[in-house]
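# Observations on the three-dimensional arrangement
The primary structure of each chain is shown beneath.
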Amino acid sequence: MRTTWDIFCNVVDNYGDIGIAWRLARGLAGEHGQPVRLWVDDLNTFQRIWPAVDAAAAEQSCEGVTVCAWRTPFAAAAPAQVVIEAFGCALPETYLAAMGEASPPPVWINLEYLSAEPWVAEHHGLPSPHPRLPLTKYFFFPGYTPATGGLLAEADLAARRAAFAAGGMPAFWRRIGLDAPHPDELRVSLFAYENPALPALLDAWAADPRPVTCLVPEGRVIPQLAAWLSVPTLQAGASHRRGALQLHILPFLDQDAYDHLLWACDLNFVRGEDSCVRAQWAARPLVWQAYPQADAVHWDKTHALLMHYTEGLDDAAARAVVGMWRHWNGMPEADDLAACWTAWRAQQAAIEAHAAGWCDRLGHAGRLTDKLVDFVENKLK
Ligand code: TRH
(Lines give C-alpha, C1' and ligand atoms only; values in the text may rest on other atoms or scores of the structure.)
Protein backbone atom coordinates (compact mmCIF):
# COMPACT_ATOMS: atom_id res chain seq x y z
CA MET A 1 0.00 0.00 0.00
CA ARG A 2 1.39 3.42 -0.93
CA THR A 3 0.99 5.88 1.90
CA THR A 4 2.56 9.28 2.39
CA TRP A 5 4.82 9.70 5.43
CA ASP A 6 6.19 12.73 7.28
CA ILE A 7 8.99 12.05 9.77
CA PHE A 8 9.96 14.85 12.14
CA CYS A 9 13.41 14.87 13.69
CA ASN A 10 14.62 17.37 16.26
CA VAL A 11 18.38 16.94 16.74
CA VAL A 12 18.79 17.28 20.51
CA ASP A 13 22.47 16.44 20.64
CA ASN A 14 24.89 13.92 19.14
CA TYR A 15 24.02 11.85 16.08
CA GLY A 16 21.51 9.28 17.27
CA ASP A 17 18.30 11.25 16.62
CA ILE A 18 19.12 11.93 12.99
CA GLY A 19 20.99 8.64 12.58
CA ILE A 20 17.86 6.68 13.44
CA ALA A 21 15.38 8.97 11.65
CA TRP A 22 17.50 8.79 8.49
CA ARG A 23 17.80 5.01 8.63
CA LEU A 24 14.03 4.75 9.05
CA ALA A 25 13.32 7.20 6.21
CA ARG A 26 15.72 5.39 3.87
CA GLY A 27 14.18 2.04 4.72
CA LEU A 28 10.59 3.17 4.17
CA ALA A 29 11.43 4.84 0.85
CA GLY A 30 13.96 2.36 -0.50
CA GLU A 31 12.53 -0.96 0.64
CA HIS A 32 8.82 -0.25 1.01
CA GLY A 33 8.49 2.23 -1.89
CA GLN A 34 6.78 4.77 0.38
CA PRO A 35 6.84 8.51 -0.37
CA VAL A 36 8.67 9.95 2.65
CA ARG A 37 9.39 13.51 3.73
CA LEU A 38 11.99 13.87 6.47
CA TRP A 39 11.85 17.15 8.39
CA VAL A 40 15.15 17.90 10.16
CA ASP A 41 15.94 20.96 12.26
CA ASP A 42 19.74 20.58 12.02
CA LEU A 43 20.99 19.72 8.56
CA ASN A 44 24.64 20.34 9.55
CA THR A 45 24.57 17.37 11.92
CA PHE A 46 22.74 15.33 9.28
CA GLN A 47 25.49 16.19 6.77
CA ARG A 48 28.15 14.68 9.07
CA ILE A 49 26.61 11.21 8.91
CA TRP A 50 25.45 11.65 5.27
CA PRO A 51 27.77 14.03 3.38
CA ALA A 52 25.54 14.16 0.25
CA VAL A 53 23.08 16.29 2.23
CA ASP A 54 23.14 19.99 1.34
CA ALA A 55 22.94 21.75 4.70
CA ALA A 56 21.62 24.96 3.10
CA ALA A 57 18.76 23.49 1.03
CA ALA A 58 15.17 24.06 2.11
CA GLU A 59 14.17 20.89 0.26
CA GLN A 60 16.21 18.21 -1.50
CA SER A 61 15.90 14.64 -2.65
CA CYS A 62 18.31 12.18 -1.07
CA GLU A 63 18.21 8.39 -1.58
CA GLY A 64 14.57 8.64 -2.62
CA VAL A 65 13.63 10.65 0.51
CA THR A 66 12.47 14.26 0.34
CA VAL A 67 14.57 15.98 2.99
CA CYS A 68 13.06 19.25 4.24
CA ALA A 69 14.63 21.83 6.52
CA TRP A 70 12.40 22.15 9.62
CA ARG A 71 12.51 25.87 10.25
CA THR A 72 10.69 28.20 12.62
CA PRO A 73 8.14 29.51 11.75
CA PHE A 74 7.09 26.30 10.05
CA ALA A 75 6.15 26.62 6.37
CA ALA A 76 2.57 25.53 5.62
CA ALA A 77 2.54 21.87 4.56
CA ALA A 78 -0.40 19.51 4.07
CA PRO A 79 -0.02 16.63 6.56
CA ALA A 80 0.95 13.21 5.27
CA GLN A 81 -1.22 10.12 5.93
CA VAL A 82 1.32 8.95 8.52
CA VAL A 83 3.12 11.35 10.83
CA ILE A 84 6.10 10.16 12.85
CA GLU A 85 7.40 12.20 15.69
CA ALA A 86 10.89 10.88 16.44
CA PHE A 87 11.59 10.64 20.18
CA GLY A 88 8.77 12.86 21.36
CA CYS A 89 9.87 15.96 19.43
CA ALA A 90 6.90 18.32 19.56
CA LEU A 91 5.30 18.82 16.14
CA PRO A 92 4.96 22.38 14.80
CA GLU A 93 1.66 23.86 16.14
CA THR A 94 0.40 24.84 12.67
CA TYR A 95 1.10 21.34 11.35
CA LEU A 96 -0.64 19.74 14.31
CA ALA A 97 -3.69 21.98 13.77
CA ALA A 98 -3.78 20.90 10.10
CA MET A 99 -3.61 17.25 11.22
CA GLY A 100 -6.63 17.88 13.42
CA GLU A 101 -8.60 19.13 10.41
CA ALA A 102 -7.57 16.30 8.04
CA SER A 103 -10.17 13.66 7.19
CA PRO A 104 -9.40 10.89 7.81
CA PRO A 105 -6.91 11.99 10.47
CA PRO A 106 -3.29 10.93 9.94
CA VAL A 107 -1.90 7.93 11.79
CA TRP A 108 0.27 9.68 14.35
CA ILE A 109 3.17 7.77 15.85
CA ASN A 110 5.76 8.63 18.42
CA LEU A 111 8.88 6.59 17.75
CA GLU A 112 10.43 5.90 21.15
CA TYR A 113 13.98 5.14 22.26
CA LEU A 114 15.19 1.56 22.18
CA SER A 115 15.49 -0.38 25.40
CA ALA A 116 15.77 -4.06 26.34
CA GLU A 117 13.78 -3.44 29.54
CA PRO A 118 10.79 -5.80 29.95
CA TRP A 119 8.19 -3.00 30.27
CA VAL A 120 8.78 -2.00 26.64
CA ALA A 121 6.63 -4.84 25.28
CA GLU A 122 3.67 -3.79 27.49
CA HIS A 123 3.82 -0.19 26.27
CA HIS A 124 4.45 -0.84 22.60
CA GLY A 125 1.53 0.31 20.44
CA LEU A 126 -0.45 2.02 23.21
CA PRO A 127 -2.73 4.90 22.13
CA SER A 128 -2.93 8.36 23.68
CA PRO A 129 -5.87 10.55 22.60
CA HIS A 130 -5.03 14.23 22.08
CA PRO A 131 -6.71 16.37 24.80
CA ARG A 132 -8.26 18.85 22.31
CA LEU A 133 -7.97 17.60 18.75
CA PRO A 134 -9.64 14.52 17.19
CA LEU A 135 -6.28 12.75 17.01
CA THR A 136 -4.68 9.71 18.61
CA LYS A 137 -0.98 9.30 19.06
CA TYR A 138 0.47 5.77 19.23
CA PHE A 139 3.69 4.88 21.02
CA PHE A 140 5.94 2.70 18.92
CA PHE A 141 8.72 1.07 20.93
CA PRO A 142 11.67 -0.58 19.22
CA GLY A 143 12.90 -3.60 21.12
CA TYR A 144 14.56 -6.97 21.23
CA THR A 145 11.53 -9.27 21.38
CA PRO A 146 8.71 -10.08 18.93
CA ALA A 147 6.18 -8.23 21.13
CA THR A 148 7.99 -4.91 20.53
CA GLY A 149 8.50 -2.78 17.42
CA GLY A 150 11.70 -4.67 16.53
CA LEU A 151 15.00 -3.28 15.34
CA LEU A 152 16.10 -1.14 12.43
CA ALA A 153 17.88 -3.27 9.84
CA GLU A 154 17.97 -3.33 6.08
CA ALA A 155 16.68 -6.50 4.42
CA ASP A 156 20.03 -7.04 2.70
CA LEU A 157 22.19 -6.23 5.74
CA ALA A 158 23.47 -9.78 6.33
CA ALA A 159 24.21 -10.27 2.63
CA ARG A 160 26.16 -7.00 2.42
CA ARG A 161 28.10 -7.87 5.55
CA ALA A 162 28.95 -11.32 4.17
CA ALA A 163 30.11 -9.83 0.84
CA PHE A 164 32.28 -7.36 2.74
CA ALA A 165 33.81 -10.16 4.82
CA ALA A 166 34.44 -12.19 1.67
CA GLY A 167 36.25 -9.50 -0.31
CA GLY A 168 35.67 -5.94 0.83
CA MET A 169 38.04 -5.60 3.76
CA PRO A 170 41.37 -4.92 2.01
CA ALA A 171 39.85 -1.98 0.10
CA PHE A 172 38.30 -0.66 3.30
CA TRP A 173 41.61 -0.70 5.18
CA ARG A 174 43.29 1.05 2.23
CA ARG A 175 40.50 3.62 2.13
CA ILE A 176 41.11 4.61 5.75
CA GLY A 177 44.88 4.56 5.28
CA LEU A 178 45.77 1.35 7.16
CA ASP A 179 47.40 -1.96 6.32
CA ALA A 180 45.44 -5.16 6.84
CA PRO A 181 45.77 -6.36 10.45
CA HIS A 182 48.59 -8.64 11.54
CA PRO A 183 47.17 -12.10 12.50
CA ASP A 184 48.12 -11.52 16.13
CA GLU A 185 46.64 -8.04 16.31
CA LEU A 186 43.35 -7.00 17.92
CA ARG A 187 41.60 -4.19 16.06
CA VAL A 188 39.19 -2.15 18.12
CA SER A 189 36.94 0.76 17.15
CA LEU A 190 36.15 3.34 19.79
CA PHE A 191 33.05 5.57 19.66
CA ALA A 192 32.36 6.92 23.12
CA TYR A 193 31.22 9.76 25.32
CA GLU A 194 33.74 11.26 27.73
CA ASN A 195 34.44 8.37 30.10
CA PRO A 196 36.37 8.26 33.41
CA ALA A 197 37.23 4.61 32.67
CA LEU A 198 39.08 5.48 29.45
CA PRO A 199 42.63 6.02 30.87
CA ALA A 200 42.54 2.64 32.65
CA LEU A 201 41.33 0.95 29.45
CA LEU A 202 44.13 2.55 27.41
CA ASP A 203 46.64 1.47 30.08
CA ALA A 204 45.32 -2.10 29.83
CA TRP A 205 45.64 -2.09 26.05
CA ALA A 206 49.17 -0.63 26.23
CA ALA A 207 50.11 -3.49 28.61
CA ASP A 208 48.45 -6.22 26.50
CA PRO A 209 50.79 -9.10 25.56
CA ARG A 210 49.64 -8.80 21.94
CA PRO A 211 49.29 -5.73 19.65
CA VAL A 212 46.10 -3.70 20.01
CA THR A 213 45.14 -1.15 17.36
CA CYS A 214 42.45 1.31 18.34
CA LEU A 215 40.62 3.28 15.65
CA VAL A 216 38.81 6.39 16.81
CA PRO A 217 36.55 8.46 14.56
CA GLU A 218 36.88 12.14 15.55
CA GLY A 219 34.45 13.07 18.31
CA ARG A 220 33.86 13.77 21.99
CA VAL A 221 36.50 11.41 23.30
CA ILE A 222 39.45 13.07 21.53
CA PRO A 223 40.44 15.52 24.34
CA GLN A 224 40.67 12.62 26.81
CA LEU A 225 42.84 10.64 24.40
CA ALA A 226 45.11 13.64 23.87
CA ALA A 227 45.47 14.05 27.64
CA TRP A 228 46.36 10.36 28.07
CA LEU A 229 48.95 10.64 25.29
CA SER A 230 50.21 13.98 26.70
CA VAL A 231 49.83 15.66 23.31
CA PRO A 232 48.15 19.07 22.84
CA THR A 233 45.61 18.01 20.18
CA LEU A 234 44.65 15.09 17.98
CA GLN A 235 43.23 15.25 14.50
CA ALA A 236 42.20 12.74 11.86
CA GLY A 237 45.33 11.08 10.53
CA ALA A 238 47.19 11.24 13.86
CA SER A 239 48.77 7.96 14.98
CA HIS A 240 50.52 7.29 18.31
CA ARG A 241 52.06 4.22 19.92
CA ARG A 242 52.22 3.48 23.64
CA GLY A 243 53.43 -0.01 24.49
CA ALA A 244 51.28 -2.59 22.68
CA LEU A 245 48.72 0.04 21.75
CA GLN A 246 48.66 1.86 18.42
CA LEU A 247 46.03 4.61 18.32
CA HIS A 248 44.76 6.01 15.02
CA ILE A 249 42.40 8.94 14.73
CA LEU A 250 40.00 8.62 11.79
CA PRO A 251 37.81 11.27 10.22
CA PHE A 252 34.15 10.96 11.17
CA LEU A 253 32.79 8.43 8.66
CA ASP A 254 29.54 8.42 6.75
CA GLN A 255 26.93 6.03 8.13
CA ASP A 256 27.67 3.23 5.64
CA ALA A 257 31.46 3.48 6.08
CA TYR A 258 30.95 3.36 9.85
CA ASP A 259 29.16 0.03 9.35
CA HIS A 260 32.22 -1.19 7.44
CA LEU A 261 34.42 -0.19 10.36
CA LEU A 262 32.20 -2.19 12.73
CA TRP A 263 32.26 -5.19 10.39
CA ALA A 264 36.07 -5.00 10.03
CA CYS A 265 37.07 -4.65 13.69
CA ASP A 266 37.45 -7.48 16.22
CA LEU A 267 35.78 -5.49 18.98
CA ASN A 268 33.66 -2.36 18.87
CA PHE A 269 33.10 0.17 21.63
CA VAL A 270 29.79 1.85 20.81
CA ARG A 271 27.44 4.27 22.52
CA GLY A 272 23.89 5.57 22.58
CA GLU A 273 21.41 3.64 20.48
CA ASP A 274 22.09 3.32 16.77
CA SER A 275 25.79 2.42 16.90
CA CYS A 276 24.93 -0.17 19.57
CA VAL A 277 22.41 -1.87 17.30
CA ARG A 278 24.75 -1.68 14.32
CA ALA A 279 27.52 -3.27 16.37
CA GLN A 280 25.16 -6.12 17.26
CA TRP A 281 24.28 -6.59 13.58
CA ALA A 282 28.05 -6.61 12.87
CA ALA A 283 28.17 -10.02 14.62
CA ARG A 284 31.31 -8.93 16.47
CA PRO A 285 31.93 -8.46 20.19
CA LEU A 286 30.91 -5.06 21.54
CA VAL A 287 31.13 -2.97 24.66
CA TRP A 288 28.24 -0.54 25.01
CA GLN A 289 28.26 2.85 26.70
CA ALA A 290 24.64 3.85 27.33
CA TYR A 291 23.67 7.50 26.84
CA PRO A 292 24.21 8.97 30.32
CA GLN A 293 20.96 10.04 32.01
CA ALA A 294 20.07 11.63 35.35
CA ASP A 295 19.71 9.33 38.38
CA ALA A 296 21.66 6.60 36.57
CA VAL A 297 18.54 5.57 34.64
CA HIS A 298 20.93 4.35 31.95
CA TRP A 299 22.23 1.68 34.33
CA ASP A 300 18.82 -0.01 34.17
CA LYS A 301 19.07 0.00 30.39
CA THR A 302 22.63 -1.32 30.48
CA HIS A 303 21.65 -4.05 32.92
CA ALA A 304 18.60 -5.06 30.85
CA LEU A 305 20.58 -5.40 27.64
CA LEU A 306 23.39 -7.22 29.43
CA MET A 307 20.94 -9.76 30.88
CA HIS A 308 19.48 -10.36 27.46
CA TYR A 309 22.79 -10.31 25.57
CA THR A 310 24.64 -12.71 27.85
CA GLU A 311 21.92 -15.40 27.72
CA GLY A 312 23.55 -18.59 26.51
CA LEU A 313 27.12 -17.51 27.28
CA ASP A 314 29.00 -19.75 29.72
CA ASP A 315 29.67 -18.26 33.16
CA ALA A 316 33.27 -17.17 32.66
CA ALA A 317 32.58 -15.49 29.32
CA ALA A 318 29.41 -13.84 30.66
CA ARG A 319 31.35 -12.50 33.66
CA ALA A 320 34.01 -11.09 31.31
CA VAL A 321 31.39 -9.30 29.19
CA VAL A 322 29.51 -8.02 32.23
CA GLY A 323 32.72 -6.76 33.85
CA MET A 324 33.74 -4.72 30.82
CA TRP A 325 30.26 -3.26 30.23
CA ARG A 326 29.82 -2.33 33.90
CA HIS A 327 33.18 -0.58 34.08
CA TRP A 328 32.52 1.24 30.86
CA ASN A 329 29.21 2.56 32.24
CA GLY A 330 30.62 3.56 35.64
CA MET A 331 28.67 0.84 37.47
CA PRO A 332 30.16 -0.58 40.68
CA GLU A 333 32.36 -3.56 39.85
CA ALA A 334 34.54 -5.61 42.20
CA ASP A 335 37.48 -6.24 39.83
CA ASP A 336 39.51 -3.36 38.43
CA LEU A 337 39.39 -2.66 34.73
CA ALA A 338 42.80 -4.22 34.02
CA ALA A 339 41.59 -7.51 35.55
CA CYS A 340 38.34 -7.31 33.58
CA TRP A 341 40.29 -6.74 30.36
CA THR A 342 42.51 -9.75 31.07
CA ALA A 343 39.38 -11.83 31.68
CA TRP A 344 37.82 -10.54 28.45
CA ARG A 345 40.96 -11.47 26.51
CA ALA A 346 40.92 -14.96 28.01
CA GLN A 347 37.29 -15.40 26.90
CA GLN A 348 37.63 -13.69 23.54
CA ALA A 349 37.00 -16.78 21.40
CA ALA A 350 33.79 -17.66 23.28
CA ILE A 351 32.62 -14.03 23.13
CA GLU A 352 33.27 -13.89 19.39
CA ALA A 353 31.28 -17.06 18.77
CA HIS A 354 28.46 -15.71 20.91
CA ALA A 355 28.37 -12.40 19.00
CA ALA A 356 27.75 -14.26 15.73
CA GLY A 357 24.95 -16.37 17.26
CA TRP A 358 23.43 -13.31 18.92
CA CYS A 359 23.24 -11.56 15.57
CA ASP A 360 21.21 -14.46 14.18
CA ARG A 361 18.87 -14.37 17.21
CA LEU A 362 18.31 -10.62 16.84
CA GLY A 363 16.28 -11.26 13.73
CA HIS A 364 13.52 -12.85 15.88
CA ALA A 365 12.46 -9.40 17.11
CA GLY A 366 11.49 -8.45 13.53
CA ARG A 367 12.53 -5.51 11.38
CA LEU A 368 11.25 -2.17 12.59
CA THR A 369 10.27 -0.83 9.16
CA ASP A 370 8.22 -3.97 8.35
CA LYS A 371 6.47 -3.81 11.72
CA LEU A 372 5.79 -0.10 11.39
CA VAL A 373 4.30 -0.51 7.91
CA ASP A 374 2.05 -3.36 9.21
CA PHE A 375 1.03 -1.29 12.23
CA VAL A 376 0.08 1.66 10.03
CA GLU A 377 -1.80 -0.50 7.52
CA ASN A 378 -3.91 -1.89 10.36
CA LYS A 379 -4.74 1.59 11.60
CA LEU A 380 -5.63 2.81 8.10
CA LYS A 381 -8.06 -0.10 7.45
O1 TRH B 1 25.51 9.97 18.74
P2 TRH B 1 24.88 9.18 19.82
O3 TRH B 1 25.47 9.34 21.13
O4 TRH B 1 23.34 9.54 19.87
C5 TRH B 1 22.61 9.60 21.06
C6 TRH B 1 21.87 8.32 21.31
O7 TRH B 1 21.06 7.95 20.23
C8 TRH B 1 21.00 8.49 22.53
O9 TRH B 1 20.24 7.31 22.76
C10 TRH B 1 20.09 9.67 22.35
O11 TRH B 1 19.30 9.82 23.44
C12 TRH B 1 20.95 10.89 22.13
O13 TRH B 1 21.76 10.70 20.98
C14 TRH B 1 20.13 12.15 21.95
O15 TRH B 1 24.95 7.62 19.49
P16 TRH B 1 24.22 6.70 18.39
O17 TRH B 1 22.78 6.52 18.74
O18 TRH B 1 25.03 5.52 18.27
O19 TRH B 1 24.28 7.51 17.04
C20 TRH B 1 25.47 7.68 16.32
C21 TRH B 1 25.18 7.76 14.85
O22 TRH B 1 26.33 8.26 14.17
C23 TRH B 1 24.88 6.40 14.24
O24 TRH B 1 23.86 6.53 13.25
C25 TRH B 1 26.18 6.01 13.58
C26 TRH B 1 26.70 7.35 13.14
N27 TRH B 1 28.15 7.46 12.94
C28 TRH B 1 28.60 7.76 11.68
O29 TRH B 1 27.80 7.92 10.74
N30 TRH B 1 29.95 7.90 11.50
C31 TRH B 1 30.86 7.71 12.48
O32 TRH B 1 32.08 7.84 12.24
C33 TRH B 1 30.36 7.37 13.79
C34 TRH B 1 31.35 7.16 14.91
C35 TRH B 1 29.01 7.26 13.98
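Just so you know, these numbers come straight off a predicted model, no measurement behind them. Counting starts from 1 at the beginning of each chain's written sequence and moves along it residue by residue. Residue-level local features of this predicted model are given only where pLDDT is at least 70; pairs of side-chain atoms are given and counted only at 80 or more, and the full residue set underlies all totals for whole chains, interfaces and linings. Hydrogens and waters are ignored; side-chain quantities use all the structure's heavy atoms.

Turning to unusual backbone geometry, a few remarks are in order. Residue P73 is bonded to the preceding T72 through a cis peptide linkage, with omega at 0°. By the secondary structure assignment, P73 is in the loop between β4 (65–69) and β5 (82–86). Numbering of helices and strands runs from the N terminus, with a helix taken as a DSSP run of H or I at least four residues long and a strand as a DSSP run of E at least two residues long.

So, on to the side chain of E117. With respect to the helices and strands, E117 occurs in the loop between β6 (107–111) and α4 (119–123). Each residue's exposure class comes from its accessible area (1.4 Å probe, protein chains only) as a fraction of the maximum for that residue type: buried when under 20%, exposed when over 50%, partly exposed otherwise. Charge convention: Lys and Arg are scored as positive, Asp and Glu as negative, and His as well as the terminal groups of each chain are ignored. By convention in these notes, a salt bridge is any Lys or Arg side-chain nitrogen within 4 Å of a carboxyl oxygen on Asp or Glu. For the buried E117, which has no salt bridge, the nearest side chain bearing the opposite charge is K301, at an N-O separation of 5.4 Å. Reaching out from E117, the side chain makes a polar contact with the side chain of S115 at a distance of 2.6 Å. Two residues form a contact once any of their heavy atoms are found within 4.5 Å. Discounting chain neighbours no more than four positions away, the residues touching E117 are D300, K301 and A304. Counted as a polar contact is a pair of N or O atoms within 3.5 Å, where, for protein atoms, one must be capable of donating a hydrogen and the other of accepting one, and residues adjacent in sequence contribute only when both atoms are in side chains.

Here the chain is partitioned into domain 1 (5–151 + 366–380) and domain 2 (157–363). Placing a centre on the C-alpha atoms of domain 1 and another on those of domain 2 gives a separation of 30 Å. With 21 residues of domain 1 at the contact, the number on the domain 2 side is 24 residues. Interface area, domain 1 with domain 2, both sides summed: about 2000 Å², of which 53% is carbon and sulfur. For the pair domain 1 and domain 2, the number of links is two salt bridges. A salt bridge links R26 to D256; the nearest nitrogen and oxygen atoms lie 3.4 Å apart. Taken together, the connections running from domain 1 to domain 2 amount to 11 residue pairs in polar contact (both at pLDDT 80 or more). Every element with two or more residues in the side of domain 1 that touches domain 2 is listed here: α1 (16–32) and α2 (43–49). How far each domain reaches was decided by an automatic or database domain assignment. Buried area is calculated as the accessible area (1.4 Å probe) missing from two parts once they are joined, with the contributions of both summed.

Inspection of the secondary structure puts M99 in helix α3 (residues 93–101). Note: C-alpha distance between M99 and Q34 (65 residues apart in sequence) is 20 Å. Excluding anything up to four places from it in sequence, M99 contacts P79, V83, L91, P105, P106, W108 and L135.

Any Phe, Tyr or Trp ring, taking Trp's six-membered ring, that has another such ring centre within 6.5 Å forms a pair; planes under 30 degrees apart are called stacked, those over 60 apart edge-to-face, and the others tilted. For the structure on display, the rule yields 26 aromatic pairs. With a centroid separation of 4.8 Å and 65° between ring planes, the pair formed by F8 and Y95 is classed as edge-to-face. With F8 in strand β1 (residues 5–9) and Y95 in helix α3, this residue pair connects regions lying 87 residues apart in the sequence. On the basis of an interplanar angle of 70° and a centroid distance of 6.3 Å, the ring pair of W288 and W325 is categorised as edge-to-face. One end of the pair, W288, is in strand β14 (residues 286–289); the other, W325, is in helix α11 (residues 315–328), and 37 residues separate them in sequence. A residue is classified by how much of its surface remains accessible, and W325, at 1% relative accessible area, is buried.

We treat two strands as partners when DSSP finds at least two bridges between them. The strand order β3-β4-β2-β1-β5-β6-β8-β7 describes an open sheet built from eight strands, whose pairing is mixed. Strands at the two margins of the open sheet, each flanked by one partner only, are β3 (59–62) and β7 (127–129). Along the sheet, successive strands turn relative to each other by an average axial angle of 25°, direction set aside. Of the pairings in the sheet, the one linking β6 to strand β8 (residues 136–140) comprises four bridges and is parallel in character. Paired with W108 across the two strands is K137, which belongs to β8. Across the sheet, helix α14 (residues 368–380) is in contact with β1, β5, β6 and β8; its angle to β6 comes to roughly 150°. What counts as an axis is a line fitted to C-alpha atoms, over the stretch in contact for a helix, and the angles between N-to-C directions run from 0 to 180 degrees.

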